[in-house]
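An overview of the molecular structure
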There are 2 protein chains.
Amino acid sequence: MSTTETINFTRGVPANESFPTDEIAAAAQRALQKQAVAMLQYGPAAGLAAFREWLAQWQQVPVERVLTGNGSLEIVEFLCIALLKRGDFVLTESPSYDRALTLFRRNGAEIEGVPLQADGPDIEALEKILARRVPRLFYVIPDFQNPSGATCSGAKRRRLVELADKYDFLLLEDAPYRLLRYRGQDEATLYSLAPHRVLHMSSFTKLIAPGVRTGFMLGDPELLAKIGKVAEDTYISPGYFAHGVTAEWCAAGKLGPQIEKLKKLYAPRLDATLAALDKHMPDAVATRPDGGFFLSVTLPDGTSTTALRAAATRHNLNLADGLAFFPNGGGERFLRLPFCALTPAQIDEGVRRLSIAVREVKH
Amino acid sequence: MSTTETINFTRGVPANESFPTDEIAAAAQRALQKQAVAMLQYGPAAGLAAFREWLAQWQQVPVERVLTGNGSLEIVEFLCIALLKRGDFVLTESPSYDRALTLFRRNGAEIEGVPLQADGPDIEALEKILARRVPRLFYVIPDFQNPSGATCSGAKRRRLVELADKYDFLLLEDAPYRLLRYRGQDEATLYSLAPHRVLHMSSFTKLIAPGVRTGFMLGDPELLAKIGKVAEDTYISPGYFAHGVTAEWCAAGKLGPQIEKLKKLYAPRLDATLAALDKHMPDAVATRPDGGFFLSVTLPDGTSTTALRAAATRHNLNLADGLAFFPNGGGERFLRLPFCALTPAQIDEGVRRLSIAVREVKH
């Protein structure tokens, strides 16, 4: 590890070495042999038929409960246009995924953050908000949350669904990391608990590669039709060519082995991050996720993320803006550490530099 | 030609038999060999570097004047979010591309249509509008216009640029059909006349296939940066995988021969449409375009497009809604005929059915 090489604890990018390039090349050939015209022509905005059908079978839902898109983030945008009016009230976890916050805000939503605890949203705080004002939807990332790494407990998932039913709001469940569990047992998805009440999103970005720009949403067919109409008005059809290749790769049984490969690659990187924190920053208060792309650290009292970022840059270490994850302020001491795209050696060196930067800015 | 086969004179779709499937399959292999990581990882929203560079060289502009996207329509959406406020004034031709009108409207623009003549926008009408109110932009399709088939004369192009300079508004030039000229000489693009004043869009949808979802915009780097930021906030990166394949196909010199192939396929279809109109509807008033995907017919007095669509359906003929192309009403007698995805035999039979339907609804 050179000390001059820049290390990025910034965005949640997958590792370059994780991409199944040869399999994608082979899937592209087979897919074009089987259904070139379907992949190359225009078609319904809900998605390439073969891909929707594969997703429906995989997720065990009727095909009309599946909407595909160019990554899942953009489906949030279409949902905002289709279902929200300016001034509508939206809940998110606090912290939450900064890019989703940007889209809710851009579409004029009034966002309130529900404090996130180690086992999911603070239900007491949520109930207080609900007693005051009912949101149109609550955006939650129950599994290995971005940015915190927290996973919502089974009890809290059931409570969220009860409250959504009682107060009549939608749950928007974003689950791109769910299949990357390195230890422990799955909790039920919110969607499986309340398919009438939940729009569930996921993506192949973290499972195959970002470049295929392939995400999907499961949910009520009437809601999906509204969201799909916005998609059609925006881009006519999603990326059928890339989605046809993805579908062929999935249909060839590549997803299961790929997930196992990713777990073998990423679990040691999570462990390396925790070990490096123990070694270089024994006083750090870190989350200890069981999967996903991120853990988060609460910086020592008197350390601000803004000052820390500037100090870290001087050590060739780039950090994400902690404040951007908090919809209503806070987060001055919040640091997200994405570990998947770094080797254990880079992680150790990165945390070492982080510990130096923290000492420099602490007062 | 069976008389029960449905014939669609609806959307401007390319012919299935035009797709260069084998070349795309080969390009996918080569592209993944050369730059798999770049095509599969996240990257700048402006586009995959290799693709932007190829486009810049092809269009002879600096690379910072190129923005790519998942088709050109969606770039209009990003432009609206980046550059327009609700209530901003936008001019379009009347008729104009219905999907672009939908996006301007969705983003709260006040749209006024400038009557389109056989040689481009009615300049006198435009000047009257400008004396009253200056738009933020004027959306024009100068070559083989959608939906009319009209091409803007050189004199009117120069006048448009002069007026844009004089009154200080942007010209948004949409040119997806420009390279499909079956006869006659090219006119200069608006962009070439005034690169400081024009945002030029085009797409590979009509040249390769819709499924690659590949469009681009040329223009002022500062404006493109604003539009690109909206794109990033919406989908992080465009479809790098498909764009990498498109770039490789282009770099292999396939575009020129493909365009020649398309002209050989489509020019006889335009001729067949004009011949069928002469044969079955000798009184029809039709545009006689020199290229592109569409011609348009002004229906006889007393014939409404709405009644005609219903009558045509009973003869297994689907027609587009003529009214949708007109931003401020009108168009009751307007009919767009997209001819590229139909064989000459289908075109003849389609126009025959159309003539019957016209007779049925004429009063």
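Counting from 1, residues in each chain are numbered in the order their sequence is written. The order in which chains are written sets their letters, starting at A; the order in which ligands are written sets their numbers, starting at 1. Totals for whole chains, interfaces and linings use every residue, but because this is a predicted model, local features are given only for residues with pLDDT of at least 70 and side-chain atom pairs only at 80 or more, for both listing and counting.

**Focus: the overall build of chain A**
Along chain A, the regular secondary structure elements total 12 helices and 13 strands. What the globule rule says is 2.2 Å times the number of residues to the power 0.38, and the radius of gyration is computed from C-alpha atoms. The C-alpha atoms of chain A give 21 Å as radius of gyration, which agrees with the globular expectation for 363 residues (21 Å, within 12%). Principal-axis analysis of the C-alpha atoms places the extent of chain A at approximately 60 × 55 × 35 Å. Field definition: a residue is buried when 20 or more other C-beta atoms are found within 10 Å of its C-beta, exposed when 12 or fewer are, and partly exposed for counts in between, with C-beta atoms placed from the backbone. The 363 residues of chain A split such that 53% are buried. Residues are treated as contacting if the C-beta atoms built from their backbones sit within 7 Å of each other. In chain A, 75% of the contacts between residues at least 6 apart in sequence involve partners at least 24 apart. In this text, helices come from DSSP runs of H or I with a minimum length of four residues, and strands from runs of E with a minimum of two, each type numbered from the N-terminal end.

**Section: the relation of the copies chain A and chain B**
Copy-to-copy alignment: least squares on C-alpha atoms, limited to residues at pLDDT 70 or above in both. When chain A is fitted to chain B, the residual RMSD is 0.0 Å, and the transformation amounts to a turn of 180 degrees plus an axial shift of 0.0 Å. The superposition operator between the copies reduces to a two-fold rotation axis. Distance from the rotation axis, computed per C-alpha, reaches its smallest value in chain A at Ala242(A): 3.0 Å. A shared binding surface is used by both copies, with 100% of the interface residues of chain A retained as interface residues in chain B.

**So, helix 3 (residues 73-83) of chain A**
Counting buried residues along helix 3 of chain A, nine of its 11 residues qualify, which places the element largely inside the surrounding structure. When helix 3 of chain A is considered as a whole, its buried residues turn out to be Leu73(A), Glu74(A), Ile75(A), Val76(A), Glu77(A), Phe78(A), Leu79(A), Cys80(A) and Ile81(A). Turning to helix 3 of chain A, the residues buried within the fold contact strand 2 (66-69), helix 4 (98-106), strand 8 (198-203), strand 9 (215-218) and helix 8 (221-235) of chain A together with helix 8 (221-235) of chain B.

**Details of the sheet that holds strand 11 (residues 294-298) of chain A**
Residue and element names in this part refer to chain A. If you trace the three strands from one edge of the open sheet to the other, you get 10-11-13, paired in antiparallel fashion. A single partner strand is all that each edge strand has here, and the edge strands are strand 10 (285-286) and strand 13 (334-338). Bridge analysis of strand 10 against strand 11 gives two bridges, and the strand direction is antiparallel. Bridged to Val285 within strand 11 is Thr298. When DSSP locates at least two bridges between a pair of strands, those strands are taken to pair.

**Details of the environment of Arg52(A)**
All names here are of chain A. On the secondary structure map, Arg52 appears in helix 2 (residues 49-59). Measuring from C-alpha to C-alpha, the distance between Arg52 and Ile259 comes to 20 Å, with 207 residues separating the pair along the chain. Residues within four places of Arg52 in sequence aside, it is in contact with Ala46, Gly47, Val63, Val66 and Thr68.

**As for the interface of chain A and chain B**
Listed as interface residues are 38 residues of chain A and, on the opposing side, 38 residues of chain B. Those elements that provide at least two residues to the side of chain A that touches chain B are helix 1 (21-40), helix 3, helix 4, helix 8 and helix 9 (240-251) of chain A. Element by element, the count of residues in the side of chain A that touches chain B is highest for helix 1 of chain A, at 10 residues. Think of it as three bins: nonpolar holds Ala, Val, Leu, Ile, Met, Phe, Trp, Tyr, Cys and Pro, charged holds Asp, Glu, Lys and Arg, and polar takes everything else, Gly as well. In terms of residue class, the side of chain A that touches chain B is made up of 21 nonpolar, 11 polar and six charged.

**Topic: the packing of helix 11 (residues 305-313) of chain B against helix 12 (residues 344-361) of chain B**
Residue and element names in this part refer to chain B. Across the interface, helix 11 lies against helix 12 with an axial gap of 9 Å and an inter-helix angle of 125 degrees. As judged from the angle between their axes, helix 11 and helix 12 are oblique. Relative to helix 12, helix 11 is oriented so that their crossing is right-handed. Seen from helix 11, the contacting residues are Ala307, Leu308, Ala311 and Ala312; seen from helix 12, they are Arg353, Leu354, Ala357, Val358, Glu360 and Val361. Axis definition: a line fitted to C-alpha atoms, over the contacting stretch in the case of helices. Angles run 0 to 180 degrees between N-to-C directions. An angle counts as roughly parallel when it lies under 35 degrees, as roughly antiparallel when it exceeds 145, as roughly perpendicular when it falls between 65 and 115, and as oblique in every other case. Handedness of each helix crossing follows the sense of rotation of the near helix against the far helix: counterclockwise by less than a right angle gives left-handed, clockwise gives right-handed.

**A look at the domain arrangement of chain A**
Residue and element names in this part refer to chain A. As used throughout, domain bounds are those supplied by an automatic or database domain assignment. In terms of domains, chain A is made up of domain 1 (7-18 + 256-361) and domain 2 (21-251). Tallying the contact residues gives 27 residues for domain 1 and 30 residues for domain 2. Within the residue set of the side of domain 1 that touches domain 2, elements represented by two or more residues are helix 10 (255-280), strand 11 and strand 13. Per-element tally for the side of domain 1 that touches domain 2: the top contributor is helix 10, with seven residues. Along the lines of polarity and charge, the residues of the side of domain 1 that touches domain 2 split into 15 nonpolar, nine polar and three charged.

**Observations concerning the pairing of strand 8 (residues 198-203) of chain B**
Residue and element names in this part refer to chain B. Of all six residues in strand 8, six are buried; the element is thus mostly enclosed. Along strand 8, one buried face is formed by Val198, His200 and Ser202 and the opposite face, lined by Leu199, Met201 and Ser203, is buried too. As paired strands, strand 7 (residues 170-174) and strand 8 are joined by four bridges and run parallel to one another. Residue pairing across strands places Glu173 opposite His200, the latter belonging to strand 8. Sheet analysis places strand 8 next to strand 9 (residues 215-218), joined by four bridges and oriented antiparallel. By the bridge assignment for strand 9, His200 is matched with Leu218.

**Overview of the pairing of strand 13 of chain A**
Residue and element names in this part refer to chain A. Within strand 13, five of the five residues are buried, which leaves it mostly tucked inside the rest of the structure. Side-chain alternation along strand 13 places Phe334, Arg336 and Pro338 on one buried face and Leu335 and Leu337 on a second face that is also buried. The pairing of strand 11 with strand 13 spans five bridges and is antiparallel. Counted as the bridge partner of Leu295 is Leu337 from strand 13.

**Re the environment of His200(A)**
Residues and elements named next belong to chain A. Position of His200 relative to the elements: it lies in strand 8. It is 41 Å that separates the C-alpha atoms of His200 and Ile356, two residues lying 156 residues apart in sequence. In contact with His200, not counting residues within four places along its chain, are Glu173, Ala175, Thr189, Tyr191, Met217, Leu218 and Gly219.

**Overview of the sheet that holds strand 11 (residues 294-298) of chain B**
Taken in spatial order, the three strands of this open sheet run 10-11-13 (chain B), and their pairing is antiparallel. The open sheet has two edge strands with one neighbour each: strand 10 (285-286) and strand 13 (334-338) of chain B.

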